[in-house]
Amino acid sequence: MEVPSRTEAETEIDSNGVKTLISFYSNFLLNRLTTLFFSSKAKMSGLNRRPSRKRRAFLPLPLPSYSLDSSPIITEGSRAYDVLGDIMEHIFSNLHNIQKNLQFWQSIAEGSSARKVYFMLCERGPKAFLNGTAQLLRDCVAEGFSTKHLFRPVAAHISERIAVLTTLKCSLATFLAQLYMEVEKCGDELVKDPEKSLSSLLVTINDLFSKLEASIGHLHAMRQSDSSVDGSYSFPLLLEKLPEVNQEGSQWTDCEIRDCINLVYQNLNKLDEYISKVVVKHQKPSKMTLYWIHYTCGAIGLSACSIWLVRHSSLMGSPDLENWIREAKDSTLGFFSDHVEQPLLSIRDELFETFRKRHKGMMDLEEVQLTSNSLHRMLLAFSEHTKGQKFPENASDQELLEIVMSRYEKELMHPIQNLLSGELARALLIQVQKLKLDIETAMLELNQILRANEINFAILAALPAFFLSLFLLMLVRAWFKQDSRAEGRGRVARIQRRLLIVEVEKRIIQYQTYVDQGLEKDAQCMLGLVLYTLDRLFHSVERHAKATGEWQCLKQDIIDLAKPGLETSYKLMVTSRMERMYDCLLPSIKRQ
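Residues numbered from 1 in each chain as written. Predicted model: local features only at pLDDT ≥ 70, side-chain atom pairs only at ≥ 80, totals over all residues. Heavy atoms only, no water.

Draft legend 1. Geometry of the confidence of the model for the protein chain. When the pLDDT values of the protein chain are averaged, the result is 77; 76% of them are 70 or greater. Predicted confidence for residues 1-21 stays below pLDDT 50, and this span has zero contacts to residues more than four positions away or in other chains. (pLDDT = per-residue confidence, 0-100. Contact = heavy atoms within 4.5 Å.)

Dropping the structure here:
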């Protein structure tokens, strides 16, 4: 029984060896073909190579032409500027790709144990879900249920990716800081005579590429025997070197400079290819993988809903679907007519027919005035007859009414006698006239109140449609205006930009701490991360600052923060001023 098992093991080893040799030679041939193709393409580009696409705005190079008090010397047309710009653009792009994936794994690592286990089982795809569940059940059956069976593979899975991505990020940040400091050293020569200083700059860039190759070329050796990374690591990073004959920069010919520039672009291409392969193997899962359970449940629900609809459609001989559509259409039209069309027409009629309706109100007021005049004459005649004296025409109705009521009280002493021969009947008729006047006055006021509230009633009827339209508008606005990134215009984008400033402050303080402790390598890494964060801030605020006219001052502040020689206290003062003064960096509440 042991011999077959050894035979199977040997067969598996042989097959693995054959697969390794095939993978090695295929990758070798692919790299050679890529190098030859890129080299021929670079040589065909000629002496003045230009990027094939418009370069994204990045953190300005530390050249004297960017200072506010210097003469405006344009260096964008030189080969040195193009080479440096392309290198920084590639490094910034790779750093951003690494940082996005690293932040995801760090957020998983900082989460609770339940969150990590849920990620391992439910957010890595259906295959990982089945394998993880089966392995968990086997471990529980063999050794009993224990939390160590859950947490150990989770920690290894996450820590391995964080370690590799952190190493890549630190190496690229160190390379970026070293390049930035070298450009700052030879900035005057680059501005005065870019072509003459280009040779020494290319030698420096070649040395920096060699250091970068040594710092990240060993990542393939970091792979553990039980690694959770699919497949094998890429081969060590092998960059091109300058020939020894070209180390004397003053003796370089124009053809040699051109070949050296092509070599720099070859190294950039190899670096991008190497980093992309490593990052792909350690990247965060895609949205489809993360939410595969949600998508699966949605697909099942959609399928069940589709089957249910087909069963009630005309395809199966059922008129239910057509009836439901007809009822929904009638309900929608009825809602639109009752809560949108009719209220709006009522508001329109009330607003535009005010003057046409006003004459009717004036006629009502005249009728009330006629009743009032008649009552006044009746009171005046009764008072003159009762008192036997002449009253003025402008006597108040209140005074005359007091005389009538006084006479009325006396007449009530002998009601039957005075009803026939006295003034009791006349006083009663005057009170009836007064009651009529009061009723007409009340009706007039009530009519005015109802007319004044016709618009309010129409608006109340239109409120459901108004709130529904407002809700739909908010949904559409939130869908179109996705401002989660720092380049957006909304509140979330402003928070992201302010968090970038906070990140710059923290990394500047950390950089100064490393410098004080004499940790040069760590200080260079932190300086590179400061430059990366400033580049993100530079890209996110440029459009907004230009719209408000703050771009020149804000741009100079960002450049000052990138200078390694400035004091930390001054940089912190600059960041504090940026948070308080610039409109594109202010919180939304303060802007209002």
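Draft legend 2. Looking closely at the environment of Leu566. Tracing the backbone shows Leu566 in the loop between α19 (551-562) and α20 (568-581). Overall, the relative accessible area of 29% leaves Leu566 in the partly exposed class. Dropping the residues within four chain positions of it, Leu566 is found in contact with Asp560 and Lys571. (Helix = DSSP H or I, 4+ residues; strand = E, 2+ residues; numbered from the N terminus. Buried < 20%, exposed > 50% of the residue type's maximum accessible area, 1.4 Å probe, protein only.)

Draft legend 3. Structural detail: helix α7 (residues 194-216). With 23 residues, α7 should reach 33 Å at 1.5 Å per residue; the first-to-last C-alpha distance of 31 Å fits that figure. Along its length, α7 shows its largest kink, about 30°, at Ser200. (Expected span 1.5 Å × (residues − 1). Bend = angle between axes of the 7 residues up to and from the residue.)

Draft legend 4. Region of interest: the pattern of salt bridges. Per the stated rule, a full pass over the model turns up 11 salt bridges. Residues Glu123 and Arg115 are paired through a salt bridge, measuring 3.3 Å at the closest nitrogen-oxygen approach. With a relative accessible area of 30%, Arg115 lands in the partly exposed category. Note that Lys241 and Glu213 form a salt bridge whose closest N and O atoms lie 2.7 Å from each other. (Salt bridge = Lys/Arg side-chain N within 4 Å of Asp/Glu carboxyl O.)

Draft legend 5. Layout of the packing of α7 against helix α8 (residues 254-282). Taken N-terminus to C-terminus, the directions of α7 and α8 make an angle of 25°; their axes are 11 Å apart at the nearest point. By the angle between their axes, α7 is roughly parallel relative to α8. Handedness of the α7/α8 crossing: left-handed. On α8, the residues touching Leu198, Leu202, Ile205, Asn206, Phe209, Leu212 and Ile216 of α7 are Ile257, Cys260, Ile261, Leu263, Val264, Asn267, Leu268, Leu271 and Tyr274. Residues of the contact of α7 with α8, tallied by class, amount to 14 nonpolar, two polar and no charged. (Axes fitted to C-alpha atoms, helices over the stretch in contact; angles between N-to-C directions. Parallel < 35°, antiparallel > 145°, perpendicular 65-115°, else oblique. Left-handed = near helix turned anticlockwise from the far one by under 90°. Nonpolar A, V, L, I, M, F, W, Y, C, P; charged D, E, K, R; others polar.)

Draft legend 6. Representation of a nonpolar patch on the surface within the structure. On the surface, Leu435, Ile439, Met443, Leu446, Ile449 and Leu450 cluster together to form a nonpolar patch covering roughly 590 Å² of accessible area. Inspection of the secondary structure puts Leu450 in helix α15 (residues 424-452). (Patch = residues over 30% accessible without salt bridge, like charges linked within 9 Å, V, L, I, M, F, W, Y side chains within 5 Å. Areas by Shrake-Rupley, 256 points an atom, 1.4 Å probe, with all protein chains shown as cover.)

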